[in-house]
Amino acid sequence: MATKAKAARADLKQVEEAVAAGKETVEQVVKASTETYGQAVSMTKDQVEKASKSLMEGYDEMTSLSQKNVEAMVKAGNLWAKSAESIGKAYFNLAQVSAEASVEAAQAMFAAKTLKDVVDVQTGYTKASIDTFVAEGKKINDITVKAANEALEPIQDQVNENIKTILKQPAA
């Protein structure tokens, strides 16, 4: 009896370690995507600031560009916020699927007749959990990358417009 309990605790520890590893992987993917987005926004902001400083045309044109820059940043922020909702839903779905799988595995272990049955259930649960974390982590990463690209698009478009305006030769 004590051996079964020790084996079950050891199996539970393996599951907890696998879950922790999967969670850490997902967190690293999201952190890396968020950092990349922050760096891109920072680089774009620097480009916009340099373009604004070098602008030698009239005050009206500068005001117009500044307004368009703000509009691009607001649009990017709105796109990111909508995408963040999708990312949150994906995390919630992952948590829900994991919780359901854990309950099913626990019920199956309690219904097991032999130690081999418990080990088989635990092994299947661990494999399925890891597979789920990897698959869902990839989905979340894909959503995050897509969100960052979509959010950066209006900023990049505005930077391109700013550069064209700055490089435009004054009429002679």
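(A) Representation of the environment of Met73 in the model. Among the secondary structure elements, Met73 is positioned in helix H2 (residues 59–111). On a C-alpha basis, the gap between Met73 and Pro154 in space is 7.5 Å, while along the polypeptide they are 81 residues apart.

(B) Up close: the pattern of salt bridges. As enumerated under the stated definition, the model contains seven salt bridges in all. Notably, a salt bridge pairs Glu136 with Lys139, separated by 3.2 Å at the nearest N-O pair. With Glu136 and Lys139 both in helix H3 (residues 115–167) and three residues apart, the pair spans about one turn of that helix. Taking the relative accessible area as the measure of exposure, Glu136 reaches 12% and is therefore buried. For Lys139, a relative accessible area of 47% puts it in the partly exposed group.

(C) Quick peek at the side chain of Asn69. Position of Asn69 among the secondary structure elements: in helix H2. Classification of Asn69 as buried rests on a relative accessible area of 9%. A polar contact is formed between the side chain of Asn69 and the side chain of Gln158, at a distance of 3.4 Å.

Rules of the game
Residues numbered from 1 in each chain as written. Predicted model: local features only at pLDDT ≥ 70, side-chain atom pairs only at ≥ 80, totals over all residues. Heavy atoms only, no water. Helix = DSSP H or I, 4+ residues; strand = E, 2+ residues; numbered from the N terminus. Salt bridge = Lys/Arg side-chain N within 4 Å of Asp/Glu carboxyl O. Buried < 20%, exposed > 50% of the residue type's maximum accessible area, 1.4 Å probe, protein only. Polar contact = N/O pair within 3.5 Å; in protein donor to acceptor, adjacent residues only side chain to side chain.

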